[in-house]
Amino acid sequence: MSPRRTLFLLVVLAVSAPPARAQQRDSIEALKHLTLDQLMNIDVMSVSLRPQRLFETPSAIQVITQDDIRASGATSLPEALRLASNLQVAQVDARQWAISARGFNGTTANKLLVLIDGRTVYTPLFSGVFWDVQDVLLSDVDRIEVISGPGATLWGANAVNGVINVITKDAKDTGGLLVTGGGGTELRGLGSARYGGGLGAHGNYRIYGKAFSRDPTLLSNGQAAPDGWHMGQGGFRLDWDAPDSNRLSLHGDWYDGRIAQASPGHIGVSGGNVMAKWAHPFSARSNLTVQAYYDRTHRDIPGTFGEDLDIYDIDLQHRTVVGTRHDVVWGFGYRLINDRVVNTAALAFLPPHVARQWFSAFAQDEIALASDRLHVTLGTKIEHNDYTGFEIQPSGRVNWTFSPSRTLWAGISRAVRTPSRIDRELYAPGQPPYFLAGGPGFRSETELAYELGYRHQEGALVLAFAGFYSRYRGLRSLEQVNPPKPTPIVIANGQDGESYGGEATASYRITDDWQVHAGYTELRIHIWPNPGSTDTSRGTAESHTPNRQLSLRSSLRLGAQWSVDGGFRYLAEIANQQLPAYAELDARLSWRPVAALELSVAGRNLLHEHHAEFGTPAARRDIERGVYGMAQWHY
Amino acid sequence: MALLKAAFTVLTSALLLVQTPRASEYQVKAVFLFNFAQFVEWPAVAAPDPQMPVIIGILGEDPLGTFLDETVRGERLGLRPFEIRRYRELTDITACNILFISRSESERVAEILAALGKRPILTVSDGDDFAKRGGMIQFVNDKNRIRLRINLEAAQAANVTISSKLLRVAEIVRTPRP
């Protein structure tokens, strides 16, 4: 074992760290265990770290709660992400999804940062996400925070157009046995079991396992496409609350799956991760979080490529109040990847084996002005990567809560999308002469984003609106090496672009048992070649996004036993794929005859027998209507 | 590599630090608000359904941030979950069991309490003289500690029963009679 790895394992075993909000919870948990007398003897500090309500956050954030996920009948993470109307979500085939925020969508969409319990899940291969292997036990999800717009200062590279943050529940909140089983059409079968309990005086644990099998989608001729698949996953989580309010948590997941494909053989995917987090409050004015993880993925696509990827990552964050006005967060991170690609006749990553590292540091100061109603947040991230060296990503934001129910915010941010392996090292075919000969000169794509938002709460009605304009420079292009000769081509930064639009949401609680929600997003993207570029695609390869989308949801509880939920969505056409507009409906009926048992039946994509959501006419797959039944027993 | 070593040094030294328990003022107040639900009884009309949520409302500028939301998350009082609502206007207050009135509303406390009348809502505030002005529970900052001041008559008038366990740790005050 190399010294580097030994040290890393030491850190993994010794420590750990959740986001600031989780820390807040720890000290609250400790306080809740105190008697009234003890509570009255706690020393309090009047100027202290105050967690921000989402309502006051100076960015376009939407939150998907556990209740939202359950009511939607979603059975996978991408299905649950449809609940955030500031995301563009399209199912490509049985296992592939195109998910992005503020456009630039595609199966290799590369401007979104996705985290599961603080673990970055986008691949350094193409800066995008293999959605087929990002799974969690959905009933263990506490919430999913979805931020559209740049979040690079705090979150880091790739948070160009948005951040998805999946947060699972503390082990303390998942006690007992939970068994779920069901199946139907499309989702052929799904089974899961989770068990949680106490571990000593201050610890809790849970273990889980799940497996599912999904039907293939349809080819354009109506025949079944060769993309049916099945997968199994298991994992654990330990949370330990020390009496002195230190907090440790350790979790891990393993998965293994097989996916059918058109060429001979099956796609094999497997992997796992283990993460440790440690949170330590020094006082009510200062706290430290540290997290470290190891993540391994294996993917074998016979005839196309194979990959074994190891990621080592450590992050440290310190938050403190300085004086009476400054809430300062700073931290640094280190990331090492070891990526080994098995090249084929079809394509090659050259060199096939690389080790790359990233260093980052950030600092942010939230300054309270005007009696806590006006906040200015200034910050920057500095990052070093092996491809382009130092990158700076500053941002400035203002939020003005001018009444308890009205917040106005604005922000200007710079974000970069640093090169990934696909931008620099992809060659096709696998042997010379190459048609595509890498991107030796590819630099970072940059974005300058201007945002403005407003939130309003009026009794049971909550409204939010965000508008944005973004200017992109150096977007990825394909350039002819010896024009007018069409080949070979290389990857470069020959395009610029801009995007603008608005995102609006409204939630209304009609009665205590009936809530409705609407989301609407309008979006335009223009991409053009810079002088000297030979790319005439006008961004066709970089963004496949509808101009508008609308979603409506209703959640109705009928007495203590029954509930009826529905979700309608409309997406405009994707012009550069000649993909027609479509509307679809999901619905779910649930019956809870006794507290421990819930029986439900859910329909997905009910309006049409089949429809397409993504892809050019020749390549697209049709998604079929699906119905499934599910039983869940919690003991 | 150097960074990793630095991180490791910071970690180990942090582990060795000794600390005294301290918490933020509104964190403690949030926990108090949550605890009150266990020491108060409301007349049956306030919760006809045994699974109805216990609603804690905040009127005016909210100093609690997410402290209160974090405190009640996943908690239940018997079968009843907790729910936090934020009100701007008095008329927004429909079903509510515990109402925290922000200091921002200090100037119109009399008006608020008069409008609530005898509705069975436990009123709580950290505004000056809240209990003497007819509010039920007042948080009083005494040096770095939080004390409770309870106006028992005000609670009784609204048919809200406060447990003796809570009364024991509080200072009992009356509304001065003219």
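For clarity, every value in this text was computed on a predicted model and none was experimentally measured.

Undergrad: What should I look at first to understand the sheet that holds strand S7 (residues 141-148) of chain A in this one?
TA: Backbone hydrogen bonds are what pair the strands of a sheet, in a parallel or an antiparallel way. Residue and element names in this part refer to chain A. The strand order across the open sheet formed by five strands is S2-S7-S8-S5-S6, and the pairing between neighbours is mixed. Every other strand in the sheet has two partners, leaving strand S2 (60-65) and strand S6 (119-120) as the edge strands with one partner each. Pairing analysis gives two bridges linking strand S5 (residues 112-116) to S6, with the strands arranged antiparallel. Note that in S6 the partner of Ile 116 across the bridge is Arg 119.

Undergrad: Explanation requested: the environment of Gln 480 of chain A in the structure shown.
TA: Structurally, Gln 480 of chain A can be placed in strand S26 (residues 461-480). On the basis of relative accessibility, which here comes to 27%, the residue Gln 480 of chain A falls in the partly exposed class.

Undergrad: I'm lost on the nonpolar core in this one. Help?
TA: A general trend in soluble globular proteins is that nonpolar side chains are found buried together. Counting residues in hydrophobic clusters, the biggest one holds 45 residues, and the most contacted among them are Phe 32, Phe 36, Leu 122, Leu 148 and Leu 166 of chain B. Sorting elements by how many residues they give to this core places helix H2 (residues 25-36) of chain B first, with eight residues. The contact partners of Leu 122 of chain B, leaving out residues within four places of it in the chain, are Phe 36, Val 40, Trp 42, Asn 97, Ile 98, Leu 99, Met 136, Ile 137, Val 160 and Ile 162 of chain B. Counting residues in each nonpolar core, the second largest holds 33 residues, with Ala 74, Ala 80, Leu 115 and Val 163 of chain A among its members.

Undergrad: How do you make sense of the packing of aromatic side chains when you look at a structure like this?
TA: Pairs of aromatic rings are described using the distance from one ring centre to the other and the angle between the two planes. In this structure the tally under the stated criterion is 20 aromatic pairs over all chains. With a centroid separation of 5.2 Å and 90 degrees between ring planes, the pair formed by Phe 126 of chain A and Phe 130 of chain A is classed as edge-to-face. Feature note: the residues Phe 32, Phe 36, Phe 100 and Phe 139 of chain B constitute an aromatic cluster, connected by ring pairs. The ring of Phe 34 of chain B has Lys 32 of chain A sitting right over it, with the charged end atom 5.2 Å from the ring centre. The positively charged end of Arg 299 of chain A is found above the aromatic ring belonging to Phe 130 of chain A, 3.8 Å away from the centroid.

Undergrad: How should the pattern of salt bridges be read in this particular structure?
TA: Pairing is possible between side chains of opposite charge, provided their charged atoms come close. Residue and element names in this part refer to chain A. For the structure shown, the criterion picks out 60 salt bridges over all chains. The partner of Arg 588 in a salt bridge is Glu 598, and the shortest N-O contact between them spans 3.3 Å. Linking Arg 588 in strand S31 (residues 582-594) with Glu 598 in strand S32 (residues 597-604), this pair joins segments that are 10 residues apart in sequence. For the pair Arg 588 and Glu 598, one class covers both residues: buried. Residues participating in the shared-partner salt-bridge network are Glu 79, Arg 82, Arg 569, Asp 586, Arg 604 and Glu 613.

Undergrad: Help me understand the confidence of the model for chain B, please; the structure alone is not making it clear to me.
TA: Parts of the prediction with low pLDDT should not have their coordinates interpreted in detail. Residues and elements named next belong to chain B. Looking at chain B as a whole, the pLDDT averages 82, with 83% of positions reaching at least 70. Element-level pLDDT for chain B is lowest in helix H1 (residues 2-16), with a mean of 44, against a maximum mean of 96 in strand S6 (residues 98-101). Confidence drops under pLDDT 50 across residues 7-22; counting only partners more than four residues distant or on other chains, this segment forms 26 contacts.

Undergrad: In this structure, what is going on with empty space enclosed by the protein? I would like to understand it.
TA: Residues and elements named next belong to chain A. The full count for this structure, using the stated rule, is nine cavities of 30 Å³ or more. Quantified by volume, the second largest cavity comes out at close to 400 Å³. Around the second largest cavity, the lining is made up of 32 residues, and of these Glu 79, Gln 91, Ala 94, Trp 97 and Arg 214 lie nearest the centre. Residue assignment for the lining of the second largest cavity shows that the elements contributing at least two residues are helix H5 (77-81), strand S11 (203-214), strand S12 (229-241), strand S34 (623-624) and strand S35 (626-634). Tallied by class, the residues present in the lining of the second largest cavity amount to 12 nonpolar, eight polar and 12 charged.

Undergrad: Would you mind showing me how to read H2 of chain B here?
TA: Because an α-helix packs 3.6 residues into every turn, residues spaced three or four apart end up facing the same way. Residue and element names in this part refer to chain B. If you check H2, its first and last C-alpha atoms are 17 Å apart, about what 12 residues at 1.5 Å a residue would give, namely 16 Å. Counting buried residues in H2 gives 12 out of 12 residues, a clear majority hidden from the surface. Residues of H2 that are buried include every one of Glu 25, Tyr 26, Gln 27, Val 28, Lys 29, Ala 30, Val 31, Phe 32, Leu 33, Phe 34, Asn 35 and Phe 36, and no others.

Undergrad: Help me out: how do you make sense of the sheet that holds strand S7 (residues 122-125) of chain B in this one?
TA: Residues and elements named next belong to chain B. Strand order across the open sheet formed by eight strands is S4-S5-S3-S6-S7-S8-S9-S11, with mixed pairing between neighbours. Of all the strands in the sheet, just strand S4 (76-77) and strand S11 (171-173) have a single pairing partner and so form its edges. Note that strand S3 (residues 54-59) and strand S5 (residues 80-87) share six bridges and pair parallel. Its bridge partner lying in S5, Val 54 is registered against Phe 82. The sheet strands contacting H2 are S3, S5, S6, S7, strand S8 (137-142) and strand S9 (145-151), and the helix crosses S8 at an angle near 150 degrees.

Undergrad: I would appreciate a short explanation of the pairing of strand S14 (residues 266-283) of chain A in the present structure.
TA: A regular strand places its side chains so that they alternate between the two faces of the sheet. Residue and element names in this part refer to chain A. Counting buried positions along S14 yields 14 of 18 residues, so the element is predominantly enclosed. Bridge analysis of strand S13 (residues 247-260) against S14 gives 14 bridges, and the strand direction is antiparallel. Among the inter-strand pairings, Arg 258 is bridged to a residue of S14, identified as Gly 268. Where S14 lies against strand S15 (residues 286-301), 15 bridges are found, and the strand directions are antiparallel. Within S15, the residue paired with Pro 281 across the bridge is Asn 287.

Undergrad: Even after reading the chapter, I still don't get a nonpolar patch on the surface, so can you show me in this structure?
TA: Residue and element names in this part refer to chain A. On the surface, a cluster of nonpolar side chains totalling about 610 Å² of accessible area is made up of Leu 558, Trp 562, Val 564, Leu 589, Trp 591, Leu 599, Val 601 and Val 627. The residue Trp 591 is located in strand S31 in this model. Assessed through its relative accessible area of 31%, Trp 591 is described here as partly exposed.

Undergrad: How should I be thinking about the side chain of Ser 139 of chain A in this particular structure?
TA: Along the chain, the position of Ser 139 of chain A falls in the loop between S6 and S7. The residues contacting Ser 139 of chain A, other than those within four sequence positions of it, are Gln 66, Lys 169, Leu 178, Arg 194 and Gln 632 of chain A.

Undergrad: How should I be thinking about the side chain of Asp 327 of chain A in this particular structure?
TA: Residues and elements named next belong to chain A. Along the chain, the position of Asp 327 falls in strand S17 (residues 326-342). With relative accessibility at 13%, the residue Asp 327 sits in the buried group. Separated by 2.7 Å, the side chains of Asp 327 and Arg 319 make a polar contact.

About the thresholds
Residues numbered from 1 in each chain as written. Chains lettered and ligands numbered in written order. Predicted model: local features only at pLDDT ≥ 70, side-chain atom pairs only at ≥ 80, totals over all residues. Heavy atoms only, no water. Pairing = 2+ DSSP bridges. Helix = DSSP H or I, 4+ residues; strand = E, 2+ residues; numbered from the N terminus. Buried < 20%, exposed > 50% of the residue type's maximum accessible area, 1.4 Å probe, protein only. Core = buried A, V, L, I, M, F, W, Y, C linked by side-chain atoms within 4.5 Å. Contact = heavy atoms within 4.5 Å. Phe/Tyr/Trp six-rings, centres within 6.5 Å; stacked < 30°, edge-to-face > 60°. Lys NZ or Arg CZ within 6 Å of the ring centre and 35° of its normal. Salt bridge = Lys/Arg side-chain N within 4 Å of Asp/Glu carboxyl O. pLDDT = per-residue confidence, 0-100. 1 Å grid on protein atoms, 1.4 Å probe; cavity = no way out; pocket = protein on both sides within 12 Å on 5 of 7 lines; lining within 4 Å. Points joined across faces, edges and corners; volume = space filled by probe spheres on them. Nonpolar A, V, L, I, M, F, W, Y, C, P; charged D, E, K, R; others polar. Expected span 1.5 Å × (residues − 1). Axes fitted to C-alpha atoms, helices over the stretch in contact; angles between N-to-C directions. Patch = residues over 30% accessible without salt bridge, like charges linked within 9 Å, V, L, I, M, F, W, Y side chains within 5 Å. Areas by Shrake-Rupley, 256 points an atom, 1.4 Å probe, with all protein chains shown as cover. Polar contact = N/O pair within 3.5 Å; in protein donor to acceptor, adjacent residues only side chain to side chain.

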